[in-house]
Amino acid sequence: SYPSDVATFSSQCVPTEELPGFYYDPEKNRYFRLLPGHNNHNPLTKDSIQHKAMECKRLRLLEEEEKQNQKTTRAGLNSSVLLQKRQLGLVSSTSYCRLVHELKVNCMQRRKIEIHSPDSSVAGTNNFKIIVADVACERIFTVNDVEHGGCKYGIINLSGLGKESLTVEMYDNLYFTNRKVNSVCWASLTHPDSHLCLMGIAETPGCASLLPASLFSSTNPGDRPGMLCSFKISTAWSCAWCLNPQADNCFSTGLTRRVLVTNVVTGHRQTFGTSSDVLAQQFATQTPVLYNGCRSGEIFSIDVRQRNRKGQSWKAIRLFHGSAVTSIHLMEAEHYLMAADMAGKV
């Protein structure tokens, strides 16, 4: 039996010989022919295989991280006891905030999202490309990639959090002509969070579209669409809607080396030149100030009430990250700004 054990050991350890133009599947123990680039009819391409391997690795790392981070609430820690100690002065303000946060985190539970679609191209998958919550955090707009290219859209209503799982109906949308979406933001045009602003990837009519949120919900499928707006804007990296009344009905788009602020009612536009691509944006609510994060790592603000100036003298605040800024978020009182960059630094 010794030689057979050696043969088995060597077959497991010796890597398979790579054949040009072929892919070896260790599970099926055979070679498959590769096709160059992307092919919708045969998904077995080098890019798809690499993407699948990376996705498997990501899911495995998430499972390992979840096992490591599983913590139990410390004994005796509950909201009523904690509040009583705080009222009696037995817990400092700092310790109280930390313990309340710990209690909230330990009470958090995951909810599975069930995806429903008229066809099978997206149903049962969880490959969301974009998710954006509305201002009240009651609904989440989702963009889901499909196998044949393009996207489907849906809205998750968070009122169903008490159930074991959440559901989302994914739909095509003929009013948005682009097959891909770069950025999305909620817009308050006729009432709070009444519309969605979608940014496409090409400089074509309709690459920036303002669509009623009701188009993406199954609650009133027979309703006629409300106000629809479409703008021709070059490829946008980011977008944001202004809730301050001093810049009413305005949205911004972060473009290549410039920022564009557009009034959807009058069509008036303001352009601000920048030295780098604008990848993230958010408007303040207390003032009509727009915060921008750039590929260069710079974060700056613009007061949209001022007229265009030559150069970049209109920049009110300037901060710098070591890497490209991918996300920015103003805290509730708008005294602090949270930013994340491509290097993973917050």
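Bear in mind the structure is a predicted one, so any value in this text is a computation, not a measurement.

What counts, and at which threshold
Residues numbered from 1 in each chain as written. Predicted model: local features only at pLDDT ≥ 70, side-chain atom pairs only at ≥ 80, totals over all residues. Heavy atoms only, no water. Phe/Tyr/Trp six-rings, centres within 6.5 Å; stacked < 30°, edge-to-face > 60°. Helix = DSSP H or I, 4+ residues; strand = E, 2+ residues; numbered from the N terminus. Buried < 20%, exposed > 50% of the residue type's maximum accessible area, 1.4 Å probe, protein only. Lys NZ or Arg CZ within 6 Å of the ring centre and 35° of its normal. 1 Å grid on protein atoms, 1.4 Å probe; cavity = no way out; pocket = protein on both sides within 12 Å on 5 of 7 lines; lining within 4 Å. Points joined across faces, edges and corners; volume = space filled by probe spheres on them. Nonpolar A, V, L, I, M, F, W, Y, C, P; charged D, E, K, R; others polar. Domains from an automatic or database assignment. Salt bridge = Lys/Arg side-chain N within 4 Å of Asp/Glu carboxyl O. Core = buried A, V, L, I, M, F, W, Y, C linked by side-chain atoms within 4.5 Å. Expected span 1.5 Å × (residues − 1). Arc of directions from axis to C-beta. Contact = heavy atoms within 4.5 Å.

To continue, consider the packing of aromatic side chains. In this structure the tally under the stated criterion is four aromatic pairs. With 5.7 Å between their ring centres and 65° between their planes, Tyr153 and Phe216 make a pair best called edge-to-face. Of this pair, Tyr153 sits in strand β6 (residues 151–157) while Phe216 sits in the loop between β10 (208–212) and β11 (229–231); the two residues are 63 residues apart in sequence, bridging distant segments of the chain. Like Phe216, Tyr153 is buried. With a centroid separation of 5.5 Å and 55° between ring planes, the pair formed by Phe231 and Phe251 is classed as tilted. Of this pair, Phe231 sits in strand β11 while Phe251 sits in strand β13 (residues 250–255), and the two are 20 residues apart along the sequence. Assessed through its relative accessible area of 1%, Phe251 is described here as buried. One aromatic cluster is present, formed by Phe141, Tyr153 and Phe216 through successive ring pairs. Directly above the ring of Tyr96 sits Arg86, whose terminal nitrogen or CZ lies 5.8 Å from the centroid. The cationic tip of Arg295 hangs over the ring face of Trp237; the distance from NZ or CZ to the ring centre is 4.9 Å.

Quick look at the layout of surface pockets now. Taken as a whole, the second largest pocket spans an internal volume of roughly 980 Å³. Lining the second largest pocket are 33 residues; nearest its centre among them are Val132, Ala133, Gln281, Gln282 and His329. Listed by contribution, the elements that provide at least two residues to the lining of the second largest pocket are β4 (128–133), β8 (183–187), β12 (238–241), β16 (278–283) and β20 (325–330). Here the lining of the second largest pocket is composed, by residue class, of 21 nonpolar, nine polar and three charged. Among the domains, domain 1 (112–234) and domain 2 (236–345) are the pair contributing at least three residues each to the lining of the second largest pocket.

Take the pattern of salt bridges next. Applying the stated criterion to the full structure yields six salt bridges. A salt bridge links Glu64 to Arg60; the shortest N-O distance between them is 3.3 Å. Of this pair, Glu64 and Arg60 both sit in helix α2 (residues 46–69), four residues apart, which is roughly one turn of that helix. Residue Arg305 pairs with Asp303 through a salt bridge whose shortest N-O separation is 2.7 Å. Taking the relative accessible area as the measure of exposure, Arg305 reaches 45% and is therefore partly exposed.

Looking at soluble globular proteins, one finds that nonpolar side chains tend to be buried together. In this structure, Met199, Leu210, Phe231, Ile233, Trp241, Phe251 and Val264 are the most contacted members of the largest nonpolar core, which totals 18 residues. Within the residue set of this core, elements represented by two or more residues are β8, β9 (195–199), β10, β11, β12 and β13. Two domains share this core, each providing at least three of its residues, namely domain 1 (112–234) and domain 2 (236–345). Ranked by size, the runner-up nonpolar core spans 17 residues in total, among them Val132, Phe176, Val184 and Phe216.

Let's shift gears to helix α4 (residues 93–107). Here α4 spans 21 Å end to end across 15 residues, near enough to the 21 Å set by a 1.5 Å rise per residue. Among all positions in α4, only Leu99, Glu102 and Leu103 are buried. With its buried residues spanning 100° around the axis, α4 presents them on a single face. Exposed residues on α4 whose side chains face more than 90 degrees from its buried face are Thr94, His101 and Lys104. Here the buried face of α4 lies against α3 (79–87).

The phi dihedral of Asp193 falls on the positive side, at around 55°, and the residue is not glycine. Within the secondary structure, Asp193 is located in the loop between β8 and β9. What makes Asp193 buried here is its relative accessible area of 6%. For Asn249, which is not glycine, the phi dihedral falls at a positive 60°. Counting through the fold element by element, Asn249 comes out in the loop between β12 and β13. Look at Asn249 and you get buried, because its relative accessible area is 15%.

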